[in-house]
Amino acid sequence: MSISAAHDVPRPEYPRPQMVRQDWLNLNGPWQFEIDAADSGLERGLRERELSGTITVPFAPESELSGVGHTDFMEAVWYRRTVTIPAAWAGRRTLLHFGAVDHDATVWVNGVEVARHRGGFSPFTADLSEAARPGEEATIVVRARDSRYGPQARGKQATRSRPGRPPPKMRAERHEDGTRR
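Engineer: Please provide a residue-by-residue account of the environment of T82, values included.
Structural biologist: In this structure, T82 sits in strand β5 (residues 76-84). Using a relative accessible area of 39% as the deciding quantity, one classes T82 as partly exposed. With 59 residues separating them along the chain, T82 and V141 place their C-alpha atoms 8.7 Å apart.

Engineer: Provide a residue-level description of the pattern of salt bridges, including the pertinent values.
Structural biologist: By the definition in use, this model includes 9 salt bridges. With a closest N to O distance of 3.1 Å, D23 and R92 form a salt bridge. Taken together, the positions of D23 in the loop between β1 (2-3) and β2 (24-25) and R92 in the loop between β5 and β6 (95-98) put the pair 69 residues apart, joining distant regions of the chain. On the basis of relative accessible area, R92 is assigned to the partly exposed category, the value being 42%. With a closest N to O distance of 2.7 Å, R116 and D104 form a salt bridge. Taken together, the positions of R116 in strand β8 (residues 112-118) and D104 in strand β7 (residues 104-109) put the pair 12 residues apart, joining distant regions of the chain. Salt bridges sharing partners connect three or more residues here, namely D39, D104, R116, R118 and R145.

Engineer: Provide a residue-level description of the environment of F73, including the pertinent values.
Structural biologist: Along the chain, the position of F73 falls in the loop between β4 (53-57) and β5. Considered as a pair, F73 and E62 are 11 residues apart in the sequence and their alpha carbons are 9.2 Å apart.

About the cut-offs
Sequence order sets the numbering: in each chain, residues are counted from 1 along the sequence as written. The predicted nature of this model means local features are confined to residues of pLDDT at least 70 and side-chain atom pairs, given and counted, to a pLDDT of 80 or more, with totals for whole chains, interfaces and linings taken over all residues. Only hydrogens and water are removed before side-chain values are computed, so all heavy atoms of the structure are retained for them. Put simply, DSSP H or I for four residues or longer makes a helix, DSSP E for two residues or longer makes a strand, and each gets a number counted from the N terminus. The buried label goes to any residue with under 20% of its type's maximum accessible area, the exposed label to any with over 50%, and the partly exposed label to all in between, with areas taken from a 1.4 Å probe on protein chains only. Put simply, a salt bridge is a Lys or Arg side-chain nitrogen that is within 4 Å of an Asp or Glu carboxyl oxygen.

Next comes the structure, spelled out in structure tokens:
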């Protein structure tokens, strides 16, 4: 049985049709959201308090569909949502699957860190079983960070050069051996 908070949940279908499970909870839809321009949210208590805005998940904050549409660089963003783990799930592990989150993601449930993932474009899973029990509320907080500097995977949209640095070479050059690279 699929459980959704409302009938107007965006993308209500099971996200991986080849691995459908009978019991699952779709967390798409409205989440609390806040941009953390200086990545100081942990020190400012964003993990513990209500966030100032709203975003529609699963859409990225750069997308108009998210309700945010913020296209400037964001050092860090925070998401928050409280859900009830179905009591019928007693005796089973509760797993939270992420299809992709920005380069460095940390997930807390009821104040307990349950996952830290680096990789941006790859999926990961957090086991909530020790932080929230079936029949109880679980407050999920996600911090997603992305640095302008340092090595990390970057999408095709990130081809602009950093301030004060020349753009990367985008043309082939002929070398002494006659080859082009």
